[in-house]
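Notes for the structure review
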Amino acid sequence: MNFIETRGNDGRHPEKVSFSEAILTPIASYGGLYSPESLPQLDESFLSSQMDSDYKTLARNILTAFDIDIDAAIIDQALKLYDNFDDPSNPVPVVRVLDDLYVSELYHGPTRAFKDMALQPFGIVLSSIAQSRNENYLILTATSGDTGPAALETFKNRDNVQVACMYPVGGTSDVQRLQMVTEDAANLKVIGVNGDFDDTQNALKRLLASDSFRKTLQEKNIHLSAANSVNFGRIIFQTIYHVHSYLELVRQNAITLGEKVYLDVPSGNFGNALGGYYAMKMGLPVEKILIASNKNNILTQLINTGIYDLRTLEVVPTTSPAMDILISSNIERILFDLFGTERTKKLMHLLDTEKCYELTAKEHEQLQSIFAADYCEDHEGKVYIRDTFEKGYLMDPHTATCFKAYDTCRDMPLKTIVYSTAEWTKFSPVIANALTGETDTHDIDALESIARKADIPIPAMISELFEKEITQNSVIEKGDIEQEILTFLK
Ligand SMILES: *Cc1c(COP(=O)(O)O)cnc(C)c1O
């Protein structure tokens with residue numbers, strides 16, 4: 001399978017690249033993204049042939065259908081990491097919560113959020129490509145809390161890769177910060193930055209675009225890359241669990257093979273939803289994909305009005321911080337897939353220059369034939385968390401936004417798969433507040449309170465964090481980031 005560019009080719013980039021090329025140098029002509037030239041078809045006979053496949057077997061078969069330039073042995077090694085999830089025989093449990101609402105739990109990996117689903121195997125794939133080319137890579141990440149721990153975990157002690165991970169001091173939960181600052185491997189550097197997430201994100205973008213930084217790295221024989229969510233090496237692993245979740249519903253006799261379902265996805269950068277879109281395009285029987293947001297509801301606006309207008313908007317902090325995003329990068333791949341290169345280039349140019357674009361009525365109709373959307377305010381999410389807990393299911397605030405979309409976006413009585421993107425342990429103060437009204441400033445108090453109320457243990461990997469030695473002590477001003485990274489590379 002080859003990859004082509006969402007904004008067309010500028011004559012300097014190759015017109016088509018392989019999967020490994022698209023992973024290593026993810027930025028295409030005119031700032032576009034690499035997208036698959038075509039998709040494999042997973043028809044009903046494929047689906048029915050996978051009824052007895054476990055997660056890894058299904059994943060291997062889907063990846064084979066994608067026909068990517070990665071050795072089967074490396075793919076096997078990458079997929080083996082799903083054995084480190086809570087239940088190696090079923091890394092993604094799908095549980096029935098309401099009559100026709102099923103939750104696909106994507107958070108059973110080492111860092112307790114769905115970023116592990118893609119980053120775990122991606123770490124092996126990227127490091128193997130680097131080794132086979134005998135090249136060294138510096139991976140930069142900026143995190144608001146979930147990507148950082150997952151990226152550190154996957155690249156820890158891997159050959160030919162070093163990671164510098166920036167987080168905003170005070171901008172993450174205790175658990176998220178501890179997951180990062182207790183990582184001790186010689187190839188990892190965690191940098192606390194005095195500032196907010198935008199400051200770290202901007203520093204990252206500046207460094208990725210800086211010729212002098214790139215040159216300094218070249219002198220050290222190091223290439224620069226990023227593990228952000230537009231990297232197709234992550235997206236490909238995010239198509240698999242949509243197919244798996246559908247098959248789980250068939251296995252549980254909730255649906256018969258071929259019956260349509262809704263996919264209901266808590267969305268930020270749209271990587272998770274894009275994986276669902278590709279699965280649908282490949283032939284998964286999906287009625288529509290429901291896009292759930294918080295008060296940062298630019299995606300609701302786009303899908304419901306056909307207009308993407310940033311002009312009067314600013315990111316507002318919410319209780320589902322992983323979705324506090326206004327520039328949702330992977331939407332570009334949807335525009336490209338639906339409307340083609342020229343149109344995508346034009347729309348993205350409008351977004352850059354005017355901070356606004358508008359789809360035609362026909363384009364909007366096309367978008368609405370695939371997606372429906374709604375957003376959930378924090379106070380509404382709190383009620384969903386409490387009510388659902390009273391019905392016997394504990395969920396995090398990102399997952400809660402999907403329950404609103406489930407209530408408001410469906411026009412057919414079809415089974416719905418809600419994607420749960422974080423364990424309760426990652427956002428415990430918000431959940432404790434929803435359940436009891438208490439306001440904890442420290443995660444440990446909230447964790448203990450929820451554990452008591454729900455009569456469940458705090459998972460060892462979380463409680464141990466509070467005892468672990470802090471090995472990553474850097475806290476710096478944003479102007480000093482480049483120097484800090486270069487010192488680490490010495
Ligand atoms: C990253 C993240 C999301 C958003 O996922 P996208 O693929 O960026 O849309 C939602 N919930 C949690 C907990 C996350 O970590």
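Read on for an overview of the structure. Numbering of residues starts from 1 in every chain and runs along the sequence as written. Per-residue local features are limited, in this predicted model, to residues with pLDDT of at least 70; the limit for side-chain atom pairs, both in listing and counting, is 80 or more; totals at the level of whole chains, interfaces and linings are taken over all residues. Based on all heavy atoms of the structure, the side-chain values leave hydrogens and waters out of the count.

Secondary structure counts use DSSP, requiring at least four H or I residues in a row for a helix and at least two E residues in a row for a strand, with both numbered from the N terminus. Regarding its fold elements, the protein presents 22 helices and 15 strands. Judged by the C-alpha coordinates and their principal axes, the protein covers about 60 × 50 × 50 Å. With residues, only the protein chains shown are counted as cover, and all accessible areas are computed by Shrake-Rupley using a 1.4 Å probe. Accessible surface for the protein amounts to roughly 19,300 Å². Of this, 46% is attributable to carbon and sulfur atoms. In this charge count, Lys and Arg are treated as positive and Asp and Glu as negative; neither His nor the chain ends contribute. Lysine's charge is taken at NZ, arginine's at CZ, aspartate's at CG and glutamate's at CD. Of the charged side chains in the protein, 44 are positive and 70 negative, and the gap between their average positions amounts to 3 Å.

Bringing the pattern of salt bridges into the picture now. Side chains bearing opposite charge may pair, as long as their charged atoms lie close to each other. What counts as a salt bridge is simple: a side-chain nitrogen of Lys or Arg found within 4 Å of a carboxyl oxygen of Asp or Glu. Evaluation of the coordinates by the stated rule reveals 24 salt bridges. Counted as one network, the salt bridges with shared partners bring together Lys-56, Lys-80 and Asp-83.

Our focus in this paragraph is the sheet that holds strand 13 (residues 371-375). What makes two strands pair is DSSP finding at least two bridges between them. Taking strand neighbours across the sheet as the criterion, the six strands line up as 3-4-14-9-10-13 in an open arrangement whose pairing is mixed. The open sheet terminates on both sides in strands that have one partner only, identified here as strand 3 (94-98) and strand 13. Each adjacent strand pair in this sheet contributes to an overall mean axis angle of 25 degrees, direction not counted. The contact rule is simple, with two residues in contact once any of their heavy atoms fall within 4.5 Å. A fitted line through C-alpha atoms serves as each axis, taken over the contacting stretch for helices, and the angle formed by two N-to-C directions is quoted from 0 to 180°. Each of strand 10 (286-293) and strand 13 is contacted by helix 13 (residues 298-305), which is oriented at about 135 degrees to strand 13, the strand it contacts most.

With that settled, consider the packing of aromatic side chains. What counts as a ring pair is set by centres within 6.5 Å for rings of Phe, Tyr and Trp (its six-membered ring), and what kind of pair is set by the plane angle: stacked under 30 degrees, edge-to-face over 60, tilted for all other angles. Evaluation of the coordinates by the stated rule reveals 12 aromatic pairs. When the centroid spacing of 5.9 Å and the interplanar angle of 55 degrees are considered together, the rings of Tyr-277 and Tyr-278 count as tilted. Each residue is placed in one exposure class: buried if its accessible area under a 1.4 Å probe, protein chains only, is under 20% of its type's maximum, exposed if it is over 50%, and partly exposed if it falls in between. Residue class for Tyr-278 comes out buried when judged on its relative accessible area of 1%. Ring geometry for Tyr-308 and Tyr-357: centres 5.3 Å apart, planes at 15 degrees, overall stacked. With Tyr-308 in strand 11 (residues 307-309) and Tyr-357 in strand 12 (residues 356-358), this residue pair connects regions lying 49 residues apart in the sequence. Residues Tyr-308 and Tyr-357 agree in their burial class; the two are buried. A network of ring pairs unites the aromatic residues Phe-3, Phe-19, Phe-232, Phe-270, Tyr-277, Tyr-278 and Phe-371 as a single cluster. Comment: the charge-over-ring label is applied if NZ (Lys) or CZ (Arg) is within 6 Å of the ring centre and within 35 degrees of the ring normal. Lying across the ring of Tyr-30, Lys-345 places its NZ or CZ 3.9 Å from the centre. Above the face of the Tyr-375 ring, Lys-404 is positioned so that its terminal group lies 5.6 Å from the ring centre.

Moving on, we come to unusual backbone geometry. We note that Asp-67 has phi near 50 degrees; this positive angle belongs to a residue other than glycine. The class of Asp-67 is exposed, set by a relative accessible area of 53%. Look at Asn-157: it is not a glycine, yet its phi comes out positive at around 60 degrees. The exposure class assigned to Asn-157 is exposed, which follows from its relative accessible area of 57%.

Relative to the assigned elements, Asn-330 resides in the loop between strand 11 and helix 14 (331-339). Take Asn-330: its relative accessible area is 0%, and that puts it in the buried class. In this structure the side chain of Asn-330 is engaged in a polar contact, spanning 2.8 Å, whose partner is the side chain of Arg-333. If we ignore the near neighbours within four places in the chain, the residues touching Asn-330 are Ser-229, Val-230, Ile-235, Asn-269, Phe-270, Gly-271 and Leu-274. Each polar contact in these results corresponds to two N or O atoms within 3.5 Å; when the atoms are within protein, one needs to be able to donate a hydrogen and the other to accept it, and residues that are neighboring in sequence are counted only if both atoms are side-chain atoms.

Each helix should span, by expectation, one fewer than its residue count multiplied by 1.5 Å. Between its first and last C-alpha atoms helix 20 (residues 443-454) spans 16 Å; for 12 residues at 1.5 Å apiece the expected length is 16 Å, and the two agree. For helix 20, the complete set of buried residues consists of Asp-443, Ala-446, Leu-447, Ser-449, Ile-450 and Ala-451. Residues of helix 20 that are buried make contact with helix 7 (174-181), helix 19 (428-436) and helix 21 (460-463).

Okay, the site of the ligand next. Looking at the ligand, there are 15 residues lining it, with Lys-115, Asp-146, Gly-268, Asn-269 and Thr-421 nearest. Taking Gly-268, its main chain carries an N or O atom lying 2.7 Å from an oxygen atom of the ligand. The separation between a nitrogen atom of the ligand and a polar side-chain atom of Thr-421 is 2.8 Å. Here the nonpolar group is Ala, Val, Leu, Ile, Met, Phe, Trp, Tyr, Cys and Pro; Asp, Glu, Lys and Arg are the charged ones; every other residue, Gly included, is treated as polar. In terms of residue class, the shell around the ligand is made up of six nonpolar, seven polar and two charged. Residues are classed as near a molecule or strand on a simple rule: at least one heavy atom within 4 Å of it.

Turning our eyes to something else, we now look at the packing of helix 3 (residues 55-66) against helix 11 (residues 237-251). It is at 10 Å that the axes of helix 3 and helix 11 come closest, and there the two elements cross at 125 degrees. When the axis of helix 3 is compared with that of helix 11, the two are oblique. Helix-helix and strand crossings are classified by hand; for helix 3 and helix 11 the assignment is right-handed. For the pair helix 3 and helix 11, contact is made by Tyr-55, Leu-58, Ala-59, Ile-62, Leu-63 and Phe-66 and by Phe-237, Thr-239, Ile-240, Tyr-241, Val-243, His-244 and Leu-247, respectively. Roughly parallel here means an angle under 35 degrees, roughly antiparallel means over 145, roughly perpendicular means 65 to 115, and every remaining angle is called oblique. Left-handed describes a crossing in which the near helix is turned anticlockwise from the far one by less than a right angle; the clockwise case is right-handed.

Moving on, we get to the nonpolar core. Core analysis: the largest hydrophobic core is formed by 145 residues, its most contacted members being Tyr-357 and Phe-371. Sort the elements by how many residues they give to this core and helix 5 (residues 115-132) lands first, with nine residues. Those residues in contact with Tyr-357 that lie beyond four places of it in its chain are Leu-302, Gly-306, Ile-307, Tyr-308, Ile-331, Leu-335, Leu-347, Met-348, Leu-350 and Leu-351. Residue types Ala, Val, Leu, Ile, Met, Phe, Trp, Tyr and Cys, when buried and joined through side-chain atoms within 4.5 Å, form a set referred to as a nonpolar core. Core analysis: the second largest hydrophobic core is formed by 20 residues, Leu-138, Leu-140, Ala-164 and Val-193 among them.

Each regular strand shows side chains that alternate between the opposite faces of the sheet. Of all seven residues in strand 7 (residues 188-194), six are buried; the element is thus mostly enclosed. After leaving strand 6 (residues 161-168), the chain enters helix 7 and then returns to the sheet as strand 7, a path that is right-handed. Here three bridges tie strand 7 to strand 15 (residues 475-477), and the two strands are oriented parallel to one another. Bridged to Gly-192 within strand 15 is Val-475. Clockwise travel from the first strand over the helix to the second, with the strands pointing away from the viewer, marks a crossover as right-handed.

Mapped onto the fold, Met-282 is located in helix 12 (residues 271-282). C-alpha of Met-282 to C-alpha of Ala-292: the two residues are 10 residues apart in sequence and 23 Å apart in space. Setting aside chain neighbours within four positions, we find Met-282 in contact with Leu-39, Pro-40, Gln-41, Leu-42, Asp-43, Phe-66 and Thr-239.

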